[in-house]
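Single-letter residue listing:
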Amino acid sequence: MLQNSVLNKLQAYDSATVCNVIELFEARPRNRGFMDGRIKAAFPELPPMVGFAATATCRSFTEPPERELPKVPDLISRFPELSGPPVIVLQNLDTNGAAANFGDVFCNSFKAFGARGLVTNGPGRDLAGIKPLDFPVFYQDIVCAHGYMHLLDLHVPVQVGGIDLYPNALLHGDGNGLTTIPIEIAADVADACAEYAAAEAVVIETAQSGSATLQDLNEAYADMASRIAGLNARLRL
């Protein structure tokens, strides 16, 4: 279980910084663990979203099967199984077209019971009704109809944005995109973000000074590299 203080620290930094720090641990290849550009933030101005994946598969183009299917309250009832605040992750299994996976009814329901956001590889709708909720939504497209939208299986492995996601995966997302954070390094990642951001600020401040020479910029890049190398060395102790 991660303490809330760890989640709060992670939420203070953008997903690009979080990804930079994850790379220092070499816990996974640098081209793995983050969603591709098909999944976009509906409200990129919102602060970062941090939470644990409450996964489900769904269909919205195909008619529902003749069996009892889970409903939104059933997915909400599984929230206590997670290690912290939920992020809804819906994989739409339809490949021959799709109607909306979510709208303002879904988002109001999930937020009321503590969800921090929603992620899906399908489309959504009702964005004007969702925006006042300050509820981060990441999606692939927008359409006006929900078609035959129905949930299929809850808390199962899903594929969204080019990555495999398992129930309870730790997710971090903002206008830059979404990444998973390996649980075993999450606390250390949270602690290291400030130092990494400070190292990058050396170059940014030099570039924004209005009077920097190429020598100044080279020195700033060298200083940044040295700071990051020092951070990296301490993380590996």
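Please read these numbers as outputs of a predicted model, since none were measured by experiment. (Residues numbered from 1 in each chain as written. Predicted model: local features only at pLDDT ≥ 70, side-chain atom pairs only at ≥ 80, totals over all residues. Heavy atoms only, no water.)

A. Structural detail: the packing of aromatic side chains. With the rule as written, the count across this model stands at two aromatic pairs. Between Phe102 and Tyr139, the aromatic rings sit 6.2 Å apart at their centres with planes inclined by 85 degrees, giving edge-to-face as the arrangement. Note that Phe102 is positioned in the loop between strand S3 (86-92) and helix H4 (104-112) and Tyr139 in strand S6 (residues 137-139), a separation of 37 residues in sequence. In this structure Phe102 comes out as buried when scored by relative accessible area, which is 3%. Measuring from ring centre to ring centre gives 5.9 Å for Phe106 and Phe110, while their planes differ by 75 degrees; the resulting arrangement is edge-to-face. Highlighted residues: Phe106 and Phe110, both in helix H4, separated by four residues, approximately one helical turn. By relative accessible area, which is 1% here, Phe110 ends up buried. (Phe/Tyr/Trp six-rings, centres within 6.5 Å; stacked < 30°, edge-to-face > 60°. Helix = DSSP H or I, 4+ residues; strand = E, 2+ residues; numbered from the N terminus. Buried < 20%, exposed > 50% of the residue type's maximum accessible area, 1.4 Å probe, protein only.)

B. Spotlight on helix H6 (residues 186-207). Between its terminal C-alpha atoms H6 stretches 31 Å, which fits the 32 Å expected from 22 residues at 1.5 Å a residue. Maximal helix bending in H6 amounts to about 35 degrees, located at Ala192. Along H6, the residues that are buried comprise Ala186, Val189, Ala190, Ala192, Cys193, Tyr196, Ala199, Val202, Val203 and Thr206. Taken together, the buried residues of H6 touch helix H1 (4-11), helix H2 (15-25), strand S11 (170-174) and helix H7 (214-235). (Expected span 1.5 Å × (residues − 1). Bend = angle between axes of the 7 residues up to and from the residue. Contact = heavy atoms within 4.5 Å.)

C. Region of the structure containing H1. Of all the positions in H1, only Val6, Leu7 and Leu10 are classed as buried. The buried residues of H1 all sit within an arc of 95 degrees when viewed along its axis, so they share a single face. Where the residues of H1 are buried, they touch H2, strand S2 (49-59), S11 and H6. (Arc of directions from axis to C-beta.)

D. Quick peek at the pattern of salt bridges. Per the stated rule, a full pass over the model turns up eight salt bridges. The partner of Asp191 in a salt bridge is Lys9, and the shortest N-O contact between them spans 2.6 Å. Of this pair, Asp191 sits in helix H6 while Lys9 sits in helix H1; the two residues are 182 residues apart in sequence, bridging distant segments of the chain. Where Asp36 meets Arg38, a salt bridge forms, and the shortest distance between an N and an O atom there is 2.6 Å. Relative accessible area serves as the criterion here: at 27%, Asp36 is assigned to the partly exposed category. (Salt bridge = Lys/Arg side-chain N within 4 Å of Asp/Glu carboxyl O.)

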